[in-house]
Structure formats: C-alpha cells, structure tokens
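Chains, contacts and geometry: an overview
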Amino acid sequence: MADELDLLRRANPVPSDDGRFHDRPLDQHAERRLSRLLHSGRPRRLRRWVLSVGTAAAVGVTALTLLLSGSATTPAVAAPRPLQIESGSTPVPLDRIAARAAADRSQRLRQGTHTQTWSLSMTAGPGARPAVTLPEERVIRWRADGSHTELVVATDPRRPGEPVITGADPVPRTVEDGHVLSRRTFPPSWSDAPPQATPPRDTGRLRAYLDELDPTGPLGTSQLLDAVSELLDNWTLGSRENAAVVRLLADAKGLRPAGAVTDRLGRPGQAYVYEDTAHAVRRMLILNPVTGAVLGLEDTVTKDDAEFGVRAGDVMSYSAWMR
C-alpha cells in the first residue's frame, strides 16, 4: 500500500495547488500523466475528458470510461496521416476570411450537430500495443419541444472520412458502413448557459460566451480552440455566427495562416496552425475559405513518446463538422 501511495503522489496528474484543472477538462499533458497512473495494458482514448477531477471517485469513473470505450469501438487499421498543405498555395489571413464571412448570408444557425471524429487509443506499460485510431460519427438533432436525439456510429476504418449518417432521421446506410454504438432520446430541456444557450453574433458577447465554457481564466489560443470545438459539438453555426468566430480567431496569438488544404471529407479549406509547444501538439484549424465556417480541427503529436508508442507526426485527434 505504501508503494501505491508513493506512486500516486509522484504521478499526481492534478496537483491541488494548480487552478488550471479545477472542474474542467484535462489537457493532453494531464491526460498522459493520468494514463501513467491508471495504466493497465488496455486501450485508452486520448481525448479531453469532461469531468470534475476533484475527487478520487471522479478518477475511478474516468478509468471505467476509458476501459469501456476502448473495447466498444472498432479500431482503425492504422492512424490517418496528417493533412498536408497544398504546395505553392497562398495562405489567406484570418481577417480576410472574417470579411468574407461577414458578407456571406447563405447559412442559418441550427441547434444540433453532425460530426466525425478520430481519436488516438493508446496503451502504456509493459507489452503496450501500438496506438490506433477510433473513428466515430455523431448526429445530434433537436426538436421543437426541446427534446433531442443522439446517434453515435463507429465508422468503417476502410472508408475513412466518408459520412455514413444521412437524412433528417439519421440512420447508417448499411451495417457494413458502421455499427451503432448508441441511440438515445433526451427529454425536453432548456438552459440559458453555454453551450446550450444560443450563441451570440457579436464578437464581444461571443468571447464572454466562450469564456463561460472555461471559467478558470482568460482563454489562451489553445483554450479558445477547445471552446470553439465545444460550441460546434452543440450548434451548427449560421453565417453571422461564423463571422464572429473568425473575428475572434483573427485576434488569437500564434494562430498563423498556413495555406490551402483538402480536409478528410474532401472539402477545400484554408489551414491555420498553432504550435502548442507546452504539450508537444500541433493544432491545425481548417476553415471554409468563403463562408468562414469551421470544417475541422486536427491535433498532431510533435515529439516522440516511446511509452505510448507515438511518434512525431502521428494524428492524435481530428474532428470534422458537417451541416
């Protein structure tokens, strides 16, 4: 028991004197430390877990979630390659995309979302297996009475990037395309707090809205990208909301234009890159060059980590948002 307590003290993924981790998702650095603490040789998903980490019970719930999620989803044969910037393409500044988005009126705000995600499943310790990706597609639809449905499908790794959920009442096209992980209906609910509250169209009010998603302090660039991701996991933005998001991103430090890219769904986009050196992650945001809509966000490892079997250039996670 003494050895186990010493291991807990040394691993300490959430220091009590570090306000960054109070009642908020863990970042990648804390996730890796927590994984080392909980390693058991089973697959774990490297994602931002939304949980309170103030108690030992919360850590236990996290461990159970990781163990269950690792065995429930069909893994891809291999991790996808990082997206590549088109050779010779001209980077477009974010303020120019913001101006285009402000002139666009083609899209309307809709509660609910349609998302594809790929996330890295890793094991640690003796006999650790190579990391694999877990592809998943999720559709959330809200009804007029305030209820909503959620469908989650494990997508076929042999057909990466191709949506398998279509229609107003979404169902997978065929069993071969993917199998249903969950199909749930939630009773009516309303909230005036983000992310369920309607996102504002004004940049200043949108900043305050996103700040509420991370109440620990002012949003840095990486935290801003996380908050935008959470917004898009709940809402399909309209033209004016897209413009407000891009204007906020244009002021983010270290988010640089990188050039043209084709996303994993075959859509043309402009890429913007942020180097999160503190966590050895390269974050690539992809925008529709005409409407300013966020198409995707890719996180790529920038430093080898032999314990988890990942190398620089491995895709850690990717999200693609669809209308």
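The sections below set out a description of the structure shown in this document. These numbers were taken from a predicted model, which means no experiment stands behind them.

Focus on the environment of T90
- Its place among the elements puts T90 in the loop between α3 (56-72) and α4 (94-103).
- Taking C-alpha positions, T90 is 9.0 Å from P257, a pair spaced 167 residues apart along the chain.
- Every residue in contact with T90, bar those within four places of it in the chain, is listed here: G259 and Q270.

Description of the packing of helix α6 (residues 221-232) against helix α7 (residues 239-250)
- As a packed pair, α6 and α7 sit with axes 11 Å apart at the nearest point and diverge in direction by 170 degrees. It follows that α6 is roughly antiparallel to α7 by the angle criterion. The segment α6 lies against α7, with L224, L225, V228 and L231 engaging V245, L248 and L249.
- Here the residues of the contact of α6 with α7 are counted per class, giving seven nonpolar, no polar and no charged.

Focus: the pairing of strand β11 (residues 281-287)
- Of all seven residues that make up β11, six are buried, and the element is covered over most of its length.
- Taken together, the seven bridges between strand β10 (residues 268-276) and β11 define a ladder with antiparallel strand orientation. Each residue of the ladder has a partner; that of Y274, found in β11, is R283.
- Remark: four residues form the turn of the hairpin made by β10 and β11, two consecutive strands paired antiparallel; A280 in that turn has positive phi of roughly 55 degrees.
- Here β11 pairs with strand β12 (residues 294-301) via seven bridges, running antiparallel. Along β12, the bridge assignment pairs L285 with L297.
- Connecting β11 to the antiparallel partner β12 that follows it, the hairpin turn spans six residues, and G292 within it adopts a positive phi of roughly 80 degrees.

Brief notes about unusual backbone geometry
- Backbone torsion omega between P194 and P195 reads 5 degrees, so that peptide bond is classified as cis.
- Positioned with a positive phi, A280 is a non-glycine residue whose angle comes to about 55 degrees.
- Mapping A280 onto the fold places it in the loop between β10 and β11.

Describing the nonpolar core
- Of all hydrophobic cores here, the largest spans 32 residues; its most connected members are L210 and L285.
- Looking at this core, the elements that each hand over two or more residues are α4, α5 (203-213), α6, α7, β10, β11 and β12.
- Looking at this core, the element that brings in the most residues is α6, giving six residues.
- Non-local contacts of L210, meaning those with residues more than four positions away in its chain, are made with L219, L224, A227, V228, L231 and L248.
- Ranked by size, the runner-up nonpolar core spans 12 residues in total, among them A258, V261, V273 and L295.

Quick word on the packing of aromatic side chains
- Here the structure, examined in full by the defined rule, presents one aromatic pair.
- R264 extends its terminal NZ or CZ atom over the ring of Y318, reaching a point 4.8 Å from the ring centre.

Brief notes about α5
- Within α5, the full set of buried residues consists of L206, Y209, L210 and L213. Projected onto a plane normal to the axis of α5, the buried residues spread over an arc of 95 degrees and lie on a single side. Away from its buried face, by an angle of more than 90 degrees, α5 presents the exposed residues R205 and E212.

About the cut-offs
- Residues numbered from 1 in each chain as written.
- Predicted model: local features only at pLDDT ≥ 70, side-chain atom pairs only at ≥ 80, totals over all residues.
- Heavy atoms only, no water.
- Helix = DSSP H or I, 4+ residues; strand = E, 2+ residues; numbered from the N terminus.
- Contact = heavy atoms within 4.5 Å.
- Axes fitted to C-alpha atoms, helices over the stretch in contact; angles between N-to-C directions.
- Parallel < 35°, antiparallel > 145°, perpendicular 65-115°, else oblique.
- Nonpolar A, V, L, I, M, F, W, Y, C, P; charged D, E, K, R; others polar.
- Buried < 20%, exposed > 50% of the residue type's maximum accessible area, 1.4 Å probe, protein only.
- Pairing = 2+ DSSP bridges.
- Core = buried A, V, L, I, M, F, W, Y, C linked by side-chain atoms within 4.5 Å.
- Phe/Tyr/Trp six-rings, centres within 6.5 Å; stacked < 30°, edge-to-face > 60°.
- Lys NZ or Arg CZ within 6 Å of the ring centre and 35° of its normal.
- Arc of directions from axis to C-beta.

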